[in-house]
Structure formats: structure tokens, C-alpha cells
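So the chains spell out like this:
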Amino acid sequence: MGLMELRQLRYFVAVAEDLNFGRAADRLLIAGPSLSQQIKALERDLGVRLFDRDRRSVALTAAGAALLPQARDLLERAEDLRSRAARIAGSESVRIGYVNWLPPDLTARTSAVARVHVDAWIAPSHTQAARVADGSLDLAVCWVRRQDLDERGLNARLIGADRLYAVSAGRRPDDVRAQDLLVLTDTDVTTWLSWNVYAERLARDTGARAVRVSDGGITGPGFFDHVRRARRPVLNCPKAQGTSLPPDLVARPVSGPKVYWTWSLVWRRDEKRAAVLSTVDALTEGVGDCGLDDPDAWLPDDDPHRR
């Protein structure tokens, strides 16, 4: 039997309760195709069909009805184990670093499992990942590649994602094709290494034009000046997601494809502390697919969350 996950059991119970994949997917905050794929994977692992389904209806099979009480019992016991571990770990400290974004409800999510201390040193993604690897941090929210995880001995889970947009002069709010974008990279690789890698992959995959700058104009007033001089819409970077634009500039959606930047929660693969592992679970529970399952979504080919 394959590796059955508690997540798949939660999905099974949700579909069994709703007898509707669409409603269950909405309740679980995941895309419908992802839910269907996970149920099929669980059926393969168990060696039985759990649901009879057609275009109009979903019904439990005899095997599904027989296994449903046991699935609920397993989930209850797992939750009890999590609660016991949380009480043991709740007095321990966990250090977390970040680049420019953290979940707004971080404290509420983690208060029952650990005393989470947000590190005051805000640093680029590659720096924060390195600090987790060397033990300076227990966790970090950052952008990573599969290569980074393997080289540094880290695990990653999706904790959030930004759909990036274009900025241009004028007031036209219509969509911009990715191939028509200008993407700025920076000569300061100490600060912008991760963004440069990401931007260059985007340009390679979509036909967008990458332009190297040396004035720190990836964000802030310098970025706005580049937009005003450019003949193409310019892609914003994640550090500027919440920045207000001057009145002479406008934000425009990017499509064909939609461009996403992922935020990973990373921790050491050899991590044994219950407080750290419980914090990982608390921060990533219910995150969902963040739009990445959209067939028109773009991620670099070595992004750990690319489907």
C-alpha cells in the first residue's frame, strides 16, 4: 500500500459528508481537480473504490461506507496526538525569519504549540534559507528552489503565494500578456539573487524582456521612474505587492500565463523538535493551492510547489 496521508483522509470525510466534490473543495479551500486527484490517489493506496460518481451525483460505495467511521476515528486520534504534543511543546521557543511577508494570523495560529519569536533581521530569501540550514533560525518564510532545498538539507511547504501584476504609465487597467512585460533584474546580487533567478526564468519561459539595472530600482521611487521611461508594462516584484502607486501609474493583471511567486515555510530535514514541527503544521494547515492549480498559472520549473 502506498503512503496514505491524513490530509487525504480529511478529504475523504469531507466528500462523504457533502456528497459533492465542488462543495467539499470549497470547504477545504482547495481546487476541485486537486481534490479529485487526491481521492483517486487514496483509492489507489487503499485498493478500493470509495465513491460511485457520475456527472450528476456522488455516492459512497459499500467499501467507502464501511471505512468512513475508521477514517473519522483516525483523524480524531491524530488530532488528540497533535494536542498532546502541542501542550508539551507550548513552552518552547521557535525562531522564524522572513523576507517581507508573514501570515497576518501567525500568532493566533501558533500560540497553542510554541512561543514563536519573529527574527528582527529582515533578509533576502537565499540568506534566510541559509540561516535555517546553519541553525541560526528554526524556520523561515522565503522563496526557494528544489536545488536550494537539496543543497541545504531543507524541507518546504507552501504557506502563501502572490500573483504578480504589471505597472504601466497611464490609466489603462486591461490585462498584459506575459510576453509583453519588461522584467527588471539588479546588479546587486547580495540583495536580489533570488529575484534575479526568478525573473530570468520568467523571461526565458514567456518571452518577457529582462533588463538589468544598477540603481536599486526594483522597488520604490526608482521602480516608478523605470516604469515611466519604459515602453512596456513592467512586472512588479513581491516586495512591492502592497505598495500604493502614484496617480500617473496603473496596476494591470498579467495573463497568458498568470505569474505567481511562492512563499515557502522551510525547516531542516533533520529537525526533531516537536515545537518546530508543530509550528510548521499550524502555519500550513488549510493553506490550499493559492491559485497555483490554475492551468494558466506560471511558476519556474524548479519551484517546489509546481504541480
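Source: prediction; values computed, not measured. For every chain, the first residue of the written sequence is number 1, and numbering continues from 1 along that sequence. Selection of residues for local features in this predicted model requires a pLDDT of at least 70, selection of side-chain atom pairs for listing and counting requires 80 or more, and totals for whole chains, interfaces and linings are taken over all residues. Note: side-chain values were computed over all heavy atoms of the structure, leaving out hydrogens and water.

### A closer look at the overall build of the protein
What counts as a helix is a DSSP run of H or I of at least four residues, what counts as a strand is a run of E of at least two, and both are numbered from the N terminus. In terms of helices and strands, the protein carries 10 helices and 14 strands. Referenced to the eigenvectors of the C-alpha coordinate spread, the extents of the protein come out at roughly 65 × 50 × 35 Å. Throughout, exposure labels follow a simple rule: accessible area from a 1.4 Å probe, protein chains only, divided by the maximum for the residue type, with under 20% read as buried, over 50% as exposed, and the rest as partly exposed. Residues classed as buried in the protein amount to 46% of the 307 residues present. Any two residues whose heavy atoms approach within 4.5 Å are treated as being in contact. Across the protein, contacts joining residues at least 24 apart in sequence account for 73% of those joining residues at least 6 apart. The accessible surface values rely on the Shrake-Rupley method and a 1.4 Å probe; as for residues, cover is taken only from the protein chains in view. Within the structure as shown, the protein displays about 15,200 Å² of accessible surface, and the carbon and sulfur contribution to it stands at 50%. We score Asp and Glu as negative and Lys and Arg as positive, and we do not count His or the chain ends. Charge positions are represented by NZ for Lys, CZ for Arg, CG for Asp and CD for Glu. When the 44 basic and 42 acidic side-chain charges of the protein are each reduced to a single mean position, those positions are 2 Å apart.

### Description of the side chain of Asp-186
You can see Asp-186 is positioned in strand β9 (residues 182–186). No salt bridge is formed by the buried Asp-186, whose closest oppositely charged neighbour, Arg-212, lies at an N-O distance of 7.0 Å. Not counting chain neighbours up to four residues away, the residues in contact with Asp-186 comprise Trp-192, Asn-196, Arg-212, Val-213, Gly-216, Gly-217 and Ile-218. Salt bridge, as used here: a side-chain nitrogen of Lys or Arg that lies within 4 Å of a carboxyl oxygen of Asp or Glu.

### With respect to the environment of Gly-135
Relative to the elements of secondary structure, Gly-135 occurs in the loop between α6 (125–133) and β5 (139–142). A residue is classified by how much of its surface remains accessible, and Gly-135, at 29% relative accessible area, is partly exposed. Residues Gly-135 and Trp-267, spaced 132 residues apart in sequence, show a C-alpha to C-alpha distance of 9.6 Å. Dropping the residues within four chain positions of it, Gly-135 is found in contact with Arg-95 and Arg-268.

### Looking at the nonpolar core
Buried Ala, Val, Leu, Ile, Met, Phe, Trp, Tyr and Cys residues form a nonpolar core when they are joined through side-chain atoms within 4.5 Å. Ile-96, Leu-181 and Trp-195 are the most contacted members of the largest nonpolar core, which totals 60 residues. Non-local contacts of Leu-181, meaning those with residues more than four positions away in its chain, are made with Ala-166, Val-176, Ala-208, Arg-209, Arg-232, Pro-233, Leu-235 and Val-254.

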